Amino acid sequence: AMMAEDRLREIRRSKAGSQAAGASPLSDIASTRLPSPAEMPDTLAPSMPWEDDLGFPGSPLPARAQLPSESASKDALAAAQDILELQRAQARAADALRKNREWQARVARAIDSVGQGVVANEDQKAQLSAFLGKDRSRWTRPPRAISFFADPLDRKAVPPWNDDAVRRADFRHAYLQPLSESLWQKKEDQALVDALETRLREEAFQGVYREKASQGAPSERHKAYDEALNEVEALGLSELWLRQLKVDWKCISQRLAFRGITRSPRSCYLRFTQKVNPALKTTAFSKHEDKALLALATQHSGFNWDAVAARMGGDRTAFRCFARYQRTLNPKVLRREWTPEEEHRLRSFAKQHEVPDCAVLAARCGEGRLSDQIFMKLATSESRRPFTAEEHRRLLLLLEVYGALRDKWSRVAQHMPGRTAMECWDRVHDGAGHDSENSGVRWTQEEDDILLDAMTKYGVGNWARMKQEALPKRSAMSIYERFQRLNPGGIADAYDVLLATRKKMIPNKRGAGAKREHRHSDLVAADFNIHLYAAVGPEGADLTTGDPSLDRHLTTLNKRRRKALVALKKSLPELPNAAAAKLPIAEGGLSDGKKNDGCEGAAVKEEEAPWLRGRGGSRGSRG
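Residues numbered from 1 in each chain as written. Predicted model: local features only at pLDDT ≥ 70, side-chain atom pairs only at ≥ 80, totals over all residues. Heavy atoms only, no water.

A. Quick peek at the overall build of the protein. From N to C terminus, the protein includes 24 helices and four strands. Expressed as a percentage of its 623 residues, the buried residues of the protein come to 33%. In the structure as shown, the protein presents an accessible area of about 41,000 Å², 55% of it carried by carbon and sulfur atoms. (Helix = DSSP H or I, 4+ residues; strand = E, 2+ residues; numbered from the N terminus. Buried < 20%, exposed > 50% of the residue type's maximum accessible area, 1.4 Å probe, protein only. Areas by Shrake-Rupley, 256 points an atom, 1.4 Å probe, with all protein chains shown as cover.)

As structure tokens, this is what we get:
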């Protein structure tokens, strides 16, 4: 209480001095500090001296002491709060200034590091230019040469397009331009279908309602509205699309944009008409469709796929026909044979990589090569030598150890120096040619009968299965060679012709597995005809296709023809060489005919020859 009394006395004195000097009393009141409850004494005296109104002590505290007014206290508290806010603002400003200086220092250090990086980059560029032998920093693009076909009056003008350039531009605009966009997702397809269906229903409802309302009285428009609504709701998306309504694809694109999907109107149109339309036929191509597509694509020289799709029946789009032809039916997309120059270049590329990437190597090898082909070629050693007895025993022991593993062939190859996994596989399954365990033993009549029964059961070409099921002691190559020697009923001749036909017409399968089975065609070599011509030479008349890569499959056939010609000449010495063109291929077999215009063997159907129920020939000459 005494402290409070002293404090109040100071306040009154400062108030009187401020009023006399013309200062504001609020500033002094705000600057004073009242005692806290902790600073107050626990007990008070019964009577305390107090100053009267004039400031003289000695009289007790009156019942009603004159304290500061309520408005003055509120003003003082408000002024104190303003001061505190000002102090807090000053503290925040000081903290922000400190952080700003820190960030300025960081930015300065970053700028210094960037400058050092630029200098190091320039040094590396100079070193690289010196290494390459050219100063590429001074290289500039040469000016574009004036075309010889440009307009004589304006030499800088672009020459006009010819027919080939126009067709190529139309094809690129129609089919290749959408490939530059990102792939569509499932949710985008569903959003496109929903937006299009909503738009088609709106247009269909407007047309139906307009027609019904014009036929009835104005008082029956509500009835026409309900009928039109029920009729449109009963229609599906395919039925709405078949009505040939005018679709505003720009509106469809905008509706997709509202859902956060950015697609152009053209992209929406192509996506629906080529992929999402439920009326499209999305099942696998049948054998009849593949034959028709192959004939139409050949007729149109690989262009005008809209006309091809129209003649296919309308259920297949132009893009699906094009994709099916390129993926499955075009034999020129992939090349099978490797020239010595290509193989040497591939192996030189592989040596440049520490770990060869088959995809990169396929791109460097050029068109017509896939990563699977690169892998298979690299898995085969450059010089294949026969297996020794020791290597054969080691291979059998390794198979007993790793036979249950999925990657057994790669593990086996690690313990076979100088051998690849493919060579080990060939040794086990195909006997590696002539060096099988039973290669020196002559064939018996019993084995020949088993071979003929296996040909009827499994089909010609399944040599590996015949080895596993019927003749385990003979290699696949040995079985194939025995089949060529026996030539039962001229079937070997027909099989050689089928191999040549298959290589010419059936493209190489790309990849394996269930995901790519739908890409493979059911066409076989027996579904095609191939033209064979008789080329008269010093040894006789050999059948040829005009393509050396195909004629290698006819080598054995021509040997049999020459042997038959020699035997016939011995019996008829006066037979001229030109008569060999009419010589039958084999007794009961096939002939190239009088006009020399084709061979019927390639058109043999599977149901006509039980031995040809296989695949119409398989890889290489072994099937």
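B. Just the pattern of salt bridges, in detail. One pass over the structure, following the stated rule, counts 25 salt bridges. Glu 202 is paired through a salt bridge with Arg 255; the nearest N and O atoms lie 3.0 Å apart. Of the two residues, Glu 202 is situated in helix H5 (residues 186-215) and Arg 255 in helix H8 (residues 249-258); the sequence distance between them amounts to 53 residues. Between Glu 343 and Arg 347 there is a salt bridge, with its nearest N and O atoms 3.4 Å apart. Here Arg 347 and Glu 343 lie together in helix H13 (residues 340-351), a separation of four residues that amounts to about one turn. (Salt bridge = Lys/Arg side-chain N within 4 Å of Asp/Glu carboxyl O.)

C. Just helix H16 (residues 389-402), in detail. Taking 1.5 Å per residue, 14 residues should reach 20 Å; H16 reaches 20 Å between its end C-alpha atoms and fits that length. Those residues of H16 that fall on the buried side of the exposure criterion are Glu 391, Leu 395, Leu 398, Leu 399 and Tyr 402. In an axial view of H16, the angular spread of the buried residues amounts to 105 degrees, which keeps them on one side of the axis. Facing away from the buried surface of H16 by more than 90 degrees, the exposed residues are Ala 389, Glu 390, Arg 393, Leu 397, Glu 400 and Val 401. (Expected span 1.5 Å × (residues − 1). Arc of directions from axis to C-beta.)

D. The arrangement of the packing of helix H10 (residues 287-299) against helix H12 (residues 318-329) in detail. Relative to each other, H10 and H12 sit at 100 degrees, their axes nearing to 11 Å. Considering their axes alone, H10 and H12 lie roughly perpendicular with respect to each other. Seen from H10, the contacting residues are Asp 290, Leu 293, Leu 294 and Ala 297; seen from H12, they are Cys 321, Arg 324, Tyr 325 and Leu 329. Class assignment for the residues of the contact of H10 with H12 results in six nonpolar, no polar and two charged. (Axes fitted to C-alpha atoms, helices over the stretch in contact; angles between N-to-C directions. Parallel < 35°, antiparallel > 145°, perpendicular 65-115°, else oblique. Contact = heavy atoms within 4.5 Å. Nonpolar A, V, L, I, M, F, W, Y, C, P; charged D, E, K, R; others polar.)

E. Up close: the nonpolar core. Membership of the largest hydrophobic core comes to 24 residues, with the highest contact counts inside it found for Leu 192, Leu 196, Trp 249, Leu 256 and Phe 272. Contributions of two or more residues to this core are made by H5, helix H6 (221-233), helix H7 (237-242), H8 and helix H9 (265-276). Residue contributions to this core peak at nine residues, all from H5. Each residue touching Trp 249, except ones within four places of it in the same chain, is listed here: Leu 192, Leu 196, Trp 241, Pro 265, Cys 268, Tyr 269 and Phe 272. (Core = buried A, V, L, I, M, F, W, Y, C linked by side-chain atoms within 4.5 Å.)

F. Representation of unusual backbone geometry. Notably, Ser 301 is not glycine yet its phi reads approximately 60 degrees, a positive angle. Here Ser 301 shows up in the loop between H10 and helix H11 (305-311). Positive phi outside glycine occurs at Asn 304, with the angle close to 55 degrees. Along the chain, Asn 304 turns up in the loop between H10 and H11.

G. Seen up close, the confidence of the model for the protein. In this model, the protein carries a mean pLDDT of 75, and residues with pLDDT of at least 70 account for 72%. The lowest-confidence element of the protein is strand S1 (residues 49-50), averaging 42 in pLDDT; the highest-confidence one is H8, averaging 91. This model gives residues 432-437 a pLDDT under 50, and the stretch forms 13 contacts once residues within four places in sequence are excluded. Here residues 511-515 is modelled with pLDDT under 50, and outside its nearest four sequence neighbours on either side it reaches three contacts, counting other chains as well. (pLDDT = per-residue confidence, 0-100.)

H. Looking closely at the packing of aromatic side chains. One pass over the structure, following the stated rule, counts 16 aromatic pairs. Judged by centre distance (5.2 Å) and plane angle (85 degrees), the ring pair of Phe 205 and Tyr 225 falls under edge-to-face. Placement of the pair is Phe 205 in helix H5 and Tyr 225 in helix H6, with a sequence separation of 20 residues. Assessed through its relative accessible area of 40%, Tyr 225 is described here as partly exposed. Ring-pair connections join several aromatic residues into one group, and the members of that group are Phe 171, Phe 303, Trp 305, Phe 322 and Tyr 325. Above the plane of the ring of Trp 103 lies Arg 106, whose end atom (NZ or CZ) is 4.6 Å from the centre. Here the guanidinium or amino end of Arg 263 rests over the ring plane of Trp 184, the centre of that ring lying 4.5 Å away. (Phe/Tyr/Trp six-rings, centres within 6.5 Å; stacked < 30°, edge-to-face > 60°. Lys NZ or Arg CZ within 6 Å of the ring centre and 35° of its normal.)

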